[in-house]
Amino acid sequence: MNNLLAKWNQISLVKRIIIGLVIGIILALTVPEQAKGVVILGSLFVGALKAIAPVLVLFLVMSAISQHKAGQQTNMKSIIGLYLLGTFLAGLIAVIASFVFPLTLTLPGTEGLGDLTPPGGVTEVLKALLMNLVDNPVKALFNANYIGILAWAVLLGLALKHAAQSTKDMISNFADAVAQMVRWVINLAPFGIMGLVFDSIATSGLSTLLGYGQLIVLLVGTMFFVALVVNPIIVYVYTRKNPYPLVLKCLKDSGITAFFTRSSAANIPVNMSLCEELNLDKDTYSVSIPLGATINMAGAAITISVLTLAAVNTLGIEVDLATAVILSVLSAVSACGASGVAGGSLLLIPLACSLFGIPNDVAMQMVGVGFIVGVIQDSCETALNSSTDVLFTATAEFGKMRKEGKAFDMIPHRAKH
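Presented here is a report on the structure given in the accompanying data block. (Residues numbered from 1 in each chain as written. Predicted model: local features only at pLDDT ≥ 70, side-chain atom pairs only at ≥ 80, totals over all residues. Heavy atoms only, no water.)

## Overview of the overall build of the protein chain
Phase 1 of the analysis: From N to C terminus, the protein chain includes 17 helices and 0 strands.
Phase 2 of the analysis: Out of the 417 residues belonging to the protein chain, those deemed buried represent 52%.
Phase 3 of the analysis: Counting contacts in the protein chain only where the partners sit at least 6 residues apart, residues at least 24 apart contribute 85% of the total.
Phase 4 of the analysis: Accessible surface for the protein chain amounts to roughly 18,700 Å². Of this, 66% is attributable to carbon and sulfur atoms. (Helix = DSSP H or I, 4+ residues; strand = E, 2+ residues; numbered from the N terminus. Buried < 20%, exposed > 50% of the residue type's maximum accessible area, 1.4 Å probe, protein only. Contact = heavy atoms within 4.5 Å. Areas by Shrake-Rupley, 256 points an atom, 1.4 Å probe, with all protein chains shown as cover.)

## Description of the packing of aromatic side chains
Phase 1 of the analysis: Inspection of every chain in the model, using the stated rule, returns 4 aromatic pairs.
Phase 2 of the analysis: Seen in terms of ring centroids, Phe259 and Phe260 are 5.0 Å apart; in terms of plane orientation they differ by 80°. Their pairing is edge-to-face.
Phase 3 of the analysis: Of the residues examined, Phe260 reaches a relative accessible area of 15% and is grouped as buried.
Phase 4 of the analysis: Seen from the ring of Phe408, Lys241 lies directly overhead, with NZ or CZ sitting 4.2 Å from the centre. (Phe/Tyr/Trp six-rings, centres within 6.5 Å; stacked < 30°, edge-to-face > 60°. Lys NZ or Arg CZ within 6 Å of the ring centre and 35° of its normal.)

## Some points on the nonpolar core
Phase 1 of the analysis: Membership of the largest hydrophobic core comes to 96 residues, with the highest contact counts inside it found for Leu215, Leu246 and Ile302.
Phase 2 of the analysis: Considering each element in turn, this core owes the most residues, 15 residues, to helix α17 (residues 360–403).
Phase 3 of the analysis: In contact with Ile302, other than residues within four places in its own chain, are Ala90, Ala94, Leu219, Thr222, Met223, Val226 and Leu384. (Core = buried A, V, L, I, M, F, W, Y, C linked by side-chain atoms within 4.5 Å.)

## A closer look at the environment of Ala48
Phase 1 of the analysis: Along the chain, Ala48 falls in helix α3 (residues 39–67).
Phase 2 of the analysis: Residues Ala48 and Ala266, spaced 218 residues apart in sequence, show a C-alpha to C-alpha distance of 8.6 Å.

## Describing the packing of helix α4 (residues 76–100) against helix α10 (residues 213–239)
Phase 1 of the analysis: Interaxial distance between α4 and α10 falls to 10 Å at its minimum, and their mutual angle equals 140°. It follows that α4 is oblique to α10 by the angle criterion. Where α4 crosses over α10, the handedness of that crossing is right-handed. Of the residues in α10, those touching α4 at Leu82, Leu85, Leu89, Ala90, Ile93, Ala94, Ala97 and Ser98 are Leu218, Thr222, Phe225, Val226, Val230, Ile234 and Tyr238.
Phase 2 of the analysis: The residue inventory of the contact of α4 with α10, partitioned by class, reads 13 nonpolar, 2 polar and no charged. (Axes fitted to C-alpha atoms, helices over the stretch in contact; angles between N-to-C directions. Parallel < 35°, antiparallel > 145°, perpendicular 65-115°, else oblique. Left-handed = near helix turned anticlockwise from the far one by under 90°. Nonpolar A, V, L, I, M, F, W, Y, C, P; charged D, E, K, R; others polar.)

Set out below in C-alpha cells:
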C-alpha cells in the first residue's frame with residue numbers, strides 16, 4: 001500500500017486530476033445508480049477548500065502586511081489596473097461578439113425563480129460592497145465574505161507592523177501552518193473532481209443544453225478568445241516575451257480545478273500554490289489573489305453582457321454599439337461586488353437588463369436561461385476568472401522586472417515539471 005501511495009504521489013497533480021476526471025465520467029455513464037456514493041467526495045473537497053480559504057486569506061494577508069518593511073515594493077497598483085483592464089476588455093469583446101453573432105432565445109417560464117433576489121441597482125451593489133467592508137470579522141469568516149476578511153486582515157496587519165518580532169513570527173507560523181493544511185487538501189483534488197464531474201453528468205447530463213447550443217458556443221467562444229488572444233496580448237505588452245507558456249500554465253494548473261469547483265473563492269488556495277511555484281513575491285500575491293477572487297471578473301463581464309444583449313435582441317430593442325458597450329461594461333464592473341461562488345454573476349443580469357429598460361420578469365427568465373447553461377458557462381467563467389488572477393499577478397511582477405532591466409524567466413525551471 002505504501003509503494004502504491006508513493007507511486008501515486010510521484011504522478012503530477014494535473015495527471016492525477018485527469019485520471020479522476022476520466023473515472024468520474026466512466027462511472028456516471030456506466031453505473032450512475034450504483035456509484036452514487038462518489039458524489040460525497042466532490043462535496044467534501046469543495047467544502048474543505050471553502051472552509052480553509054477564509055482562514056488562509058486572513059493569516060496570509062495579515063502576516064504579509066505586518067512583515068512589510070518600508071522601502072519594499074509591491075505591484076498592487078499594476079495588478080489592480082490589470083484586473084480592471086481585463087474586465088473592461090472582456091465586456092467589450094462580449095458586446096462586439098453579441099453584435100456580430102446576434103442571438104434570440106425562446107425564454108422559459110419563471111417557475112422556481114421567485115426565491116432569487118437580484119440587486120436593485122448599481123447603488124445597491126456599491127452599498128452592499130461598502131457594508132461588507134465593515135462586517136464583523138467573525139461573521140465575515142463564517143460567511144466567507146472576502147471583502148470583509150481582506151479589510152480586517154489589512155487593518156490588523158497595519159496595526160501589527162510595530163508589534164514585537166516574536167508576535168509577527170507567531171502570525172507567520174500560523175500562516176505557514178494553514179498553507180500546509182491547504183496543500184493536504186489540494187492533494188485530494190483528483191478524488192474531489194471525480195465526485196464533482198460524476199455528479200454533474202449523472203444529474204444534469206448534456207441533453208438539456210442542446211436547445212441552448214448557440215448561446216453556449218457564443219459564451220464559451222468569447223471566453224476562449226479572451227483567454228487565448230486578449231490576455232496573451234496584455235501579457236506581451238507588459239513583458240515583451242512569448243506569453244503562451246505562462247498563459248497555458250495558469251489555465252492548466254489553476255483553470256482546471258476552478259472549472260470543476262466553479263468557485264473563485266474555493267480556488268484561492270490553488271492559486272496561492274501556483275504563485276509560490278512561479279517564484280512570485282509572497283507579499284504581493286498573498287493580497288492580490290484573494291482580491292482577484294473578488295474583483296477580477298472577466299468571465300462575469302462576458303456572461304452578463306452576452307445574456308443581457310440576447311434579451312435585448314429577443315425583445316427587438318434597438319441599441320447602438322456605443323450604448324451597449326457603456327451599459328454592459330457598467331454592469332460588468334458592478335460584478336466586482338458579486339460573490340466568488342458558483343452562479344454568482346447570474347444575479348447581476350437583472351441589473352444589466354434594467355439599464356436597457358427590460359422588465360424584471362423577462363430579466364429573471366434570462367437568469368433561468370443562465371442556470372440552464374450554467375453547467376458549462378459557469379465552469380468556463382470561473383476557470384477564466386481564477387486563472388487570470390495568477391496570470392495578471394505574474395504579469396505585473398515580470399513587467400516591473402523588465403522595466404528595471406532585470407532578467408526573468410516566465411516559467412521558473414521547477415515550475416516546468
